Amino acid sequence: MNVLNEAEVTFPTLNSCCYQRKDSSLRSLTSDATNRHSGTENNVGKVRLIPTTCKHQVPLVFHEPHMERGFRVIGQPWTYYFWSIFQLHNETVNVWTHIMAFGLMASKMVSFSFEVDFVNDSHTWPLLAGLLCGMALYCCSSGAHCLQSRSELVHYTAFMFDYAGIGLYGLGSVIMHLEYCSEDCFYDFAHSVFIPCGCIFAFLICFCCSISKTIYTRPYPFVRKIWQLVPVGGIYVLLISPIVHRLVLCYVYGYDCNESIPYHIQQMFWFASSGFFFTSEYPQKLWPRLCDHFFSQSPTVSHFYNDLYIETDGCSVY
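Rules and cut-offs
Residues numbered from 1 in each chain as written. Predicted model: local features only at pLDDT ≥ 70, side-chain atom pairs only at ≥ 80, totals over all residues. Heavy atoms only, no water. Core = buried A, V, L, I, M, F, W, Y, C linked by side-chain atoms within 4.5 Å. Buried < 20%, exposed > 50% of the residue type's maximum accessible area, 1.4 Å probe, protein only. Helix = DSSP H or I, 4+ residues; strand = E, 2+ residues; numbered from the N terminus. Contact = heavy atoms within 4.5 Å. Phe/Tyr/Trp six-rings, centres within 6.5 Å; stacked < 30°, edge-to-face > 60°. Lys NZ or Arg CZ within 6 Å of the ring centre and 35° of its normal. Disulfide = S-S within 2.5 Å. Expected span 1.5 Å × (residues − 1).

Details of the nonpolar core
For step 1, the next point in the chain: If you look at the biggest cluster of nonpolar residues, it comprises 39 residues, and the most contacted ones within it are Leu131, Phe194, Tyr309 and Ile310.
For step 2, the next point in the chain: For this core, the secondary-structure elements that each account for two or more residues are α3 (92-113), α4 (125-147), α5 (152-180), α6 (184-215), α7 (222-251), α8 (261-279) and α9 (298-317).
For step 3, the next point in the chain: What tyrosine 309 contacts, discounting residues up to four positions off in sequence, is Tyr169, Tyr236, Leu239, Gln267, Trp270 and Phe271.
For step 4, the next point in the chain: The next biggest cluster of nonpolar side chains, apart from the first, holds 10 residues, and it includes Ile50, Val95, Cys146 and Val154.

Observations regarding the packing of aromatic side chains
For step 1, the next point in the chain: Within this structure, the stated rule accounts for seven aromatic pairs.
For step 2, the next point in the chain: Relative to phenylalanine 86, the ring of tryptophan 83 has its centre 5.9 Å away and its plane inclined at 45 degrees; by these criteria the two rings are tilted.
For step 3, the next point in the chain: Between tyrosine 236 and phenylalanine 271, the ring centres sit 3.7 Å apart and the planes meet at 5 degrees, which makes this aromatic pair stacked. Linking tyrosine 236 in helix α7 with phenylalanine 271 in helix α8, this pair joins segments that are 35 residues apart in sequence.
For step 4, the next point in the chain: The exposure class of tyrosine 236 is buried, given its relative accessible area of 11%.
For step 5, the next point in the chain: Of the aromatic side chains, those joined through ring pairs into one cluster are Trp83, Phe86 and Trp96.
For step 6, the next point in the chain: Above the face of the tyrosine 220 ring, arginine 224 is positioned so that its terminal group lies 4.0 Å from the ring centre.

Quick look at the state of the cysteines
For step 1, the next point in the chain: As enumerated under the stated definition, the model contains one disulfide in all.
For step 2, the next point in the chain: Each disulfide pairs two cysteine sulfurs, and for cysteine 250 the partner residue is cysteine 257, the sulfurs being separated by 2.0 Å. On the sign convention where negative is left-handed, the bridge of cysteine 250 and cysteine 257, at about 125 degrees about the S-S bond, is right-handed.
For step 3, the next point in the chain: For cysteine 257, a relative accessible area of 48% puts it in the partly exposed group.
For step 4, the next point in the chain: A disulfide-free cysteine, cysteine 206 has its sulfur positioned 7.9 Å from the sulfur of cysteine 209, the nearest such atom.

Remarks on unusual backbone geometry
Peptide bonds are trans in most cases, and residues, glycine excluded, mostly fall at negative phi.
For step 1, the next point in the chain: Put simply, arginine 218 and proline 219 share a cis peptide bond, and its omega is 0 degrees.
For step 2, the next point in the chain: On the secondary structure map, proline 219 appears in the loop between α6 and α7.

A word on α8
For step 1, the next point in the chain: Its 19 residues place the ends of α8 28 Å apart at the C-alpha level, agreeing with the 27 Å of an ideal helix rising 1.5 Å per residue.
For step 2, the next point in the chain: Where α8 is concerned, the buried positions are Ile261, His264, Gln267, Trp270, Ser273, Ser274 and Phe277.

Examining the environment of proline 196
For step 1, the next point in the chain: Residue position: proline 196 is located in helix α6.
For step 2, the next point in the chain: Taking relative accessible area as the criterion, proline 196 reaches 41% and is therefore assigned partly exposed.
For step 3, the next point in the chain: For the pair proline 196 and leucine 171, spaced 25 residues apart in sequence, the C-alpha separation works out to 9.5 Å.

Right, dumping it as structure tokens:
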């Protein structure tokens, strides 16, 4: 690859890689890339995006089921991974779904700030907490998918931050749903234990997901999904309980059927859809190699449905 002019970025096309590589290929590729970088380290502002490679040239921890290509080369400077969000690889869409969702939630918070007083009105603080927790989730997730390919240590660390963001958002949702979505009778019954239980589940999400990430190796057994789904499902059952109570009152007793009910039903559907694609390996299991770089990966589809869930959940609360 030619040396670039200052502050110039090139976006190479995907390379066609061989699928039978020895371990020495990985060492050679990393060494060559490092040497090329060292030769230009004095040229400030130069960013070089190395073509993506196949799974046989990256460590096992970076492998994904039924995905063969589109892996970024490990051991590169931090700037390479930041600029790689403009390169086509198997994390590009994952990063951008979270970046765009972060921007939408930030703009929503700014819009709300013109309508309510987040500083002096304590009734709006749960809404502010939910928005900030959602933004923290998107920040952690986009950063994890952006930077995780640098090394195995960064990979594990980045996704532990991602799990912490998921737990934090769950806690924010627990606070919002208790304050804004519960009937008086439900609030009086559950308010003393609702948020403490949310804190416990938020901690368990980070703890269980991190433990399952480190004790199991690829190909991951299904029991790792159990480690992840139990705390996430637990906090969802908790935060959805006041909404289920309202749905029962509405559809069984015809009480308090307001305009937020359709949003609640939608967000439950989006969450179920996100969970299905998170636990499955579809659609890439149906079309191996065809889903390596595009929207049709199960994690990406799961992220998309999760973004819809968070968006409709915010609409139902506000």
